[in-house]
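Given next are the chains, with one letter for each unit.
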Amino acid sequence: MKPPLAIASAMQQELRALMPALTDARSVVRGGRHFHLGTMDGEPVVLALSGIGKVAAATTATLLLSEFDARALVFTGVAGGLGAGVRVGDVVVARELLQHDMDASPLFPRYEVPLTGRARFATDAALSDALAVSARRCMARAAELLGAAHMADFGLVDPCVHEGLVASGDRFVATAAESRALAAALPDALAVEMEGAALAQVCADFARPFAVLRTISDRADDSAHADFKRFIAEVASVYTRVIVHDWLQGGAGEVP
Ligand code: ADE
């Protein structure tokens, strides 16, 4: 049997949204984490709850690659919108990731991961292309999938897909001052979250393809915490389930 595709989620609600689609499921524990192996849309997959933050993501990614030989990793979750026009309810498919809290200056340039010579880690182009196509299809059906009441409740209007830089750090960015500072320092950053760049660094070490798919849950400002859990349960989890299903059905099996 070919090695599985790995799908890691930061939050329990998202993992729970994917679990019903897993057939022939069996769970194993490694490093204190539960990994759920099975088949989705005919593809061997392994689902994992990474937990929050860069260390949790790096541990999860390392286990997915070393213990399960995952042939590609997809990370799903939510993020705070930083770029102008990146609104709550939009989806961001990362093309590059950077640790915004990495700073070993003056020994190394700000953001550079020491001894790698790199600050930015690119996602796999084909994998990201395929997820972006699936995400666009999902956005086109957002009103039907979420219902008008949920759309209105969260103020979602014509959600769309963005592709570009995502910044990661071990901070939940919840003040307008901090998000303004981040946007000024990294003008091309579309969104901020807490795991993607860690996964990117591990996947670069293992030379394994990966992608990061994020639903914008907040604008990383003073109201960033409002309705966070409800948004994940009622919007982000729905998107994730639909996008992953569409991606798997549309030839994810061709991922090397
Ligand atoms: N994930 C979702 N929203 C976020 C924020 N504002 N900061 C960091 N990670 C997030």
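Provided above is the structure to which this section pertains.
Let us look at the structure shown here.

Rules used throughout
Residues numbered from 1 in each chain as written. Predicted model: local features only at pLDDT ≥ 70, side-chain atom pairs only at ≥ 80, totals over all residues. Heavy atoms only, no water. Salt bridge = Lys/Arg side-chain N within 4 Å of Asp/Glu carboxyl O. Helix = DSSP H or I, 4+ residues; strand = E, 2+ residues; numbered from the N terminus. Buried < 20%, exposed > 50% of the residue type's maximum accessible area, 1.4 Å probe, protein only. Near = heavy atom within 4 Å. Polar contact = N/O pair within 3.5 Å; in protein donor to acceptor, adjacent residues only side chain to side chain. Areas by Shrake-Rupley, 256 points an atom, 1.4 Å probe, with all protein chains shown as cover. Pairing = 2+ DSSP bridges. Phe/Tyr/Trp six-rings, centres within 6.5 Å; stacked < 30°, edge-to-face > 60°. Core = buried A, V, L, I, M, F, W, Y, C linked by side-chain atoms within 4.5 Å. Contact = heavy atoms within 4.5 Å. Axes fitted to C-alpha atoms, helices over the stretch in contact; angles between N-to-C directions. Parallel < 35°, antiparallel > 145°, perpendicular 65-115°, else oblique. Left-handed = near helix turned anticlockwise from the far one by under 90°. Nonpolar A, V, L, I, M, F, W, Y, C, P; charged D, E, K, R; others polar.

### Some remarks on the pattern of salt bridges
Argument step 1. Evaluation of the coordinates by the stated rule reveals 20 salt bridges.
Argument step 2. The salt bridge involving Glu43 is made with Lys2; its shortest N-O contact spans 3.4 Å. With a gap of 41 residues between them, Glu43 in strand 4 (residues 43-49) and Lys2 in the segment before strand 1 (5-9) connect regions that are remote in the sequence.
Argument step 3. Lys2 sits in the partly exposed class, given a relative accessible area of 39%.

### Comments concerning the site of the ligand
Argument step 1. The ligand sits among 13 residues. The nearest are Gly80, Phe172, Val173, Glu193 and Asp218.
Argument step 2. Measuring from a nitrogen atom of the ligand, one finds a backbone N or O atom of Gly80 at 3.3 Å.
Argument step 3. Residue Asp218 places a side-chain N or O atom 2.6 Å away from a nitrogen atom belonging to the ligand.
Argument step 4. For the ligand, the protein covers 97% of the area, taking 260 Å² as the surface of the free molecule.
Argument step 5. If you list the elements that add at least two residues to the shell around the ligand, you get strand 5 (72-81), strand 9 (189-193) and strand 10 (210-218).

### Here's the deal with the pairing of strand 6 (residues 91-99)
Successive side chains on a regular strand alternate, one facing one side of the sheet and the next facing the other.
Argument step 1. With respect to burial, strand 6 is a largely interior element, seven of its nine residues being buried.
Argument step 2. Sheet topology places strand 6 next to strand 8 (residues 161-168); eight bridges connect them, and they run parallel. Within the sheet, the bridge partner assigned to Val92 lies in strand 8 and is His162.
Argument step 3. Examined bridge by bridge, strand 6 and strand 10 share three bridges and lie antiparallel to one another. The residue of strand 10 that forms the bridge with Val92 is Arg214.

### Re the packing of aromatic side chains
Argument step 1. A full pass over the atoms with the stated rule returns three aromatic pairs.
Argument step 2. Seen from their ring centres, Phe35 and Phe68 are 4.9 Å apart, and the 40° between their planes marks the pair as tilted. Of this pair, Phe35 sits in strand 3 (residues 33-40) while Phe68 sits in the loop between helix 2 (54-66) and strand 5; the two residues are 33 residues apart in sequence, bridging distant segments of the chain. Like Phe35, the residue Phe68 is buried in the burial classification.
Argument step 3. Between the aromatic rings of Phe154 and Phe231, the centroid separation amounts to 5.4 Å while the plane-to-plane angle is 85°, which identifies the pairing as edge-to-face. Note that Phe154 is positioned in the loop between helix 5 (148-153) and strand 8 and Phe231 in helix 8 (residues 228-249), a separation of 77 residues in sequence. By the burial criterion, Phe154 is buried, and Phe231 matches it.

### Looking at the nonpolar core
Argument step 1. Core analysis: the biggest nonpolar cluster contains 75 residues, and Leu64, Leu73, Val91, Tyr239 and Trp247 have the highest contact counts within it.
Argument step 2. Setting aside residues up to four positions removed in sequence, Leu64 forms contacts with Ala6, Ala8, Phe35, Val46, Ala48, Asp69, Ala70 and Leu73.
Argument step 3. By size, the runner-up hydrophobic cluster in this structure holds eleven residues, among which are Leu82, Leu98, Val173 and Val192.

### What to know about the packing of helix 3 (residues 125-140) against helix 8
Each packed pair of helices is defined by two parameters, the angle between the axes and the distance between the axes.
Argument step 1. In contact at an axis separation of 9 Å, helix 3 and helix 8 are set at 125° when each is read in the N-to-C sense. Of the possible angle classes, the one that applies to helix 3 and helix 8 is oblique. By crossing handedness, the relation of helix 3 to helix 8 is classed as right-handed. Seen from helix 3, the contacting residues are Leu127, Ala130, Leu131, Ser134, Ala135, Arg137, Cys138 and Met139; seen from helix 8, they are Tyr239, Val242, Ile243, Asp246 and Trp247.
Argument step 2. Grouping the amino acids of the contact of helix 3 with helix 8 by side-chain chemistry returns ten nonpolar, one polar and two charged.

Nothing here speaks to function; it is geometry throughout.
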